[in-house]
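Report on the structure
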Amino acid sequence: MTLSQKGVFIFDSEAEAVQAAILMHDIGHGPFSHVLENTLINGITHEEISIMMMEEINAEMQGKLNLALNIFKNEYPKQFLHQLISSQLDMDRLDYLRRDCFFTGVVEGNIGSARIIKMLNVVDDQLVVESKGIYSIENFLTSRRLMYWQVYLHKTAVAYEKILVNLLSRAKFLAKQGKDIFAPPHLKYFLYNHVDATHFYHQREALRNYELLDDNDIWCSIKVWASNEDIILSLLAQDLLNRNIFHVEVREEPISDEEIRKINQSLAREFCISEEDAQFLMSVNTIQKDMYDIEDENISILTKNGEIKDFAEASEILNIASLSKKNRKYYLCYQRI
């Protein structure tokens, strides 16, 4: 509506297709968001699975999603329509920041999404923001950075995620050894098979099991695993059920191999397990989230004289130096003793 009012010609079919693509672009997410990626499935992203699901729905709807798919995959001539779905200023980011800010009560993360949308325009088939909206973009980027480090990557959230990742990894490890691990059918498929992109593209059962897998399958398994004879599987399951989360240390500098080795040895001694098995009771991660990726598809600002400038150049507050600075933190997570 906003773009049409500014003279940007958009067919009704294009508008409908963009809305459909925006609504469905994340349907490929499995239970607990990104947890399954590189844990139960490998070599394929949730975006690729989203496309597969959309193509499946499209076949059932006799091609009614053809246009939405073309826009989603950036194969449609009007590139700005794809930018509304996937870019540094796409509708998903404007939506989840505002929603998560509300539900977590982090008022500092609130953004003026309506104002940003009102300031959008199109020049040379590229989405731009009119200069009057630059302050809203500055607030958007600052709020996004705040939400990541204070909410999404808060050490409590990271601790729970790492326990779940390690728990599923341990279950899969035991399944590979031939152990009989309880799981509902759709979860068991991923525990007892090495599922990668080849499976998704060539074996119908991979996508079908993935579509039917949900949070309940995993929670049901966790409750049963809490009494499993394997001490590690049992311990991690109990951690989640009893909220006994990993101890987390967030560092500004890389964690030394020597410190990691000492913690690993300490865990092995405490729980009478091998150092190899003790690795399931800890996690070391490097996490980087940039406020604005100057090497990615940029946010373009339309100045009053009609000139197009990159946001990093147009902003008076957030200069190139601050925007290009890599914000990296090192997380050391391990079982409490």
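Use the structure listed above.
**Overview of the overall build of the protein chain**
Of the regular secondary structure elements, the protein chain holds 18 helices and nine strands. Projected onto its principal axes, the C-alpha coordinates of the protein chain cover approximately 70 × 50 × 30 Å. Residue burial in the protein chain is summarised as follows: out of 337 residues, 48% are buried. By sequence separation, contacts in the protein chain at least 24 residues apart represent 69% of the contacts at least 6 residues apart. Counting every atom, the protein chain has about 17500 Å² of accessible surface; 50% of that belongs to carbon and sulfur. Between the averaged position of the 35 positive side-chain charges in the protein chain and that of its 50 negative side-chain charges there is a distance of 5 Å.

**Quick notes on the environment of Glu 161**
Structurally, Glu 161 can be placed in helix α9 (residues 155–176). Take Glu 161: its relative accessible area is 36%, and that puts it in the partly exposed class. Expressed as a C-alpha distance, the spacing of Glu 161 and Thr 198, which sit 37 residues apart in the sequence, is 27 Å.

**What to know about the side chain of Glu 130**
Within the secondary structure, Glu 130 is located in strand β3 (residues 126–130). Classification of Glu 130 by relative accessible area gives buried; the value is 16%. If near-sequence neighbours (up to four positions away) are discounted, Glu 130 is found in contact with Lys 6, Met 119, Leu 120, Asn 121 and Leu 302.

**With respect to empty space enclosed by the protein**
Summed over all chains, the structure comprises two cavities of 30 Å³ or more. Lining the largest cavity we find Gln 83, Ser 87, Gln 88, Leu 89, Leu 120, Leu 127, Val 128, Val 129, Glu 297, Asn 298, Ile 299 and Ser 300. Looking at which element gives the most residues to the lining of the largest cavity, the answer is β3, with three residues. For the lining of the largest cavity, the residue count by class is six nonpolar, five polar and one charged.

**Description of the nonpolar core**
In terms of nonpolar packing, the biggest core is built from 108 residues, with Phe 200 and Trp 225 touching the most fellow members. Top contributing element to this core by residue count: α9, with 10 residues. Excluding its chain neighbours within four sequence positions, the residues that come into contact with Phe 200 are Ile 41, Ile 44, Ile 49, Met 52, Phe 190, Val 195, Ala 206, Leu 207 and Tyr 210.

**Quick word on the sheet that holds strand β5 (residues 247–251)**
If you walk across this open sheet you meet the three strands as β5-β9-β6, and the pairing is antiparallel. Edge positions in the sheet fall to β5 and β6 (282–288), since each has one partner strand and no second. Strand after strand, the sheet turns through a mean of 15° between neighbouring axes, direction not considered. Across seven bridges, the pairing between β6 and strand β9 (residues 328–334) is antiparallel. Directly across from Ile 287, in β9, lies its bridge partner Lys 329. Strands β5, β6 and β9 of the sheet are contacted by α9, whose axis makes an angle of about 125° with β6. In this fold helix α15 (residues 257–271) packs onto β5, β6 and β9, with an angle of close to 150° to the strand it touches most, β6.

**Let's talk about α15**
Relative to the 21 Å expected for 15 residues at 1.5 Å per residue, α15 spans 21 Å between its end C-alpha atoms, a close match to the ideal helical length. Considered for burial, the residues of α15 that qualify are Ile 263, Asn 264, Leu 267, Ala 268 and Phe 271. Seen along its axis, α15 keeps its buried residues to an arc of 140°; they face one direction. Just past α15, the residue Cys 272 takes up positive phi, approximately 55°.

**Quick word on the sheet that holds strand β2 (residues 120–123)**
Strand order in the open sheet made by the four strands is β2-β3-β7-β8, with mixed pairing throughout. The open sheet is flanked by β2 and β8 (308–310), the only strands paired with a single partner. On average, each strand axis in the sheet is inclined to that of its neighbour by 45°, with strand direction left out of account. When strand β7 (residues 300–302) meets β8, the two strands line up antiparallel, connected through three bridges. Looking across to β8, one finds that Ile 301 is bridged to Lys 309.

Quick notes on the rules
- Residue positions are given per chain, counted from 1 along the sequence in the order it is written.
- The model is predicted, so local features are restricted to residues of pLDDT at least 70 and side-chain atom pairs to those at 80 or more, both for listing and for counting; the totals for chains, interfaces and linings are taken over all residues.
- Side-chain calculation: all heavy atoms of the structure are included, whereas hydrogens and water are not.
- Runs of E in the DSSP output that reach at least two residues are strands. Runs of H or I that reach at least four are helices, and both are numbered from the N terminus.
- The buried label applies to any residue whose accessible area, calculated with a 1.4 Å probe on protein chains only, is under 20% of its type's maximum; exposed applies above 50%, and partly exposed to all values in between.
- By the convention used here, residues are in contact when the closest approach between their heavy atoms is within 4.5 Å.
- In short, Shrake-Rupley with a 1.4 Å probe defines the accessible areas, and a residue's cover is counted only from the protein chains shown.
- Only four residue types enter the charge count, namely Lys and Arg as positive and Asp and Glu as negative; His and the chain termini do not.
- Taken as the charge centre is NZ of Lys, CZ of Arg, CG of Asp or CD of Glu, depending on the residue.
- Using protein atoms alone on a 1 Å grid, points that fit a 1.4 Å probe yet trap it form a cavity, whereas open point sets bounded by protein on both sides within 12 Å along at least five of seven lines form a pocket; residues with an atom within 4 Å of a point count as lining.
- Grid points are joined across faces, edges and corners, and a volume is the space filled by probe spheres set on the points.
- All residues other than Ala, Val, Leu, Ile, Met, Phe, Trp, Tyr, Cys, Pro, Asp, Glu, Lys and Arg, Gly among them, are scored as polar; the first ten of these are nonpolar and the last four charged.
- Buried residues of nine kinds, namely Ala, Val, Leu, Ile, Met, Phe, Trp, Tyr and Cys, make up a nonpolar core once their side-chain atoms join them within 4.5 Å.
- In this analysis, strands are considered paired if DSSP registers two or more bridges between them.
- To get an axis, fit a line to the C-alpha atoms, keeping to the stretch in contact for a helix; angles then go from 0 to 180 degrees between the N-to-C directions.
- Multiplying 1.5 Å by the helix residue count minus one yields the expected span of that helix.
- Taking the helix axis as origin, the arc is that swept by the directions to the C-beta atoms.

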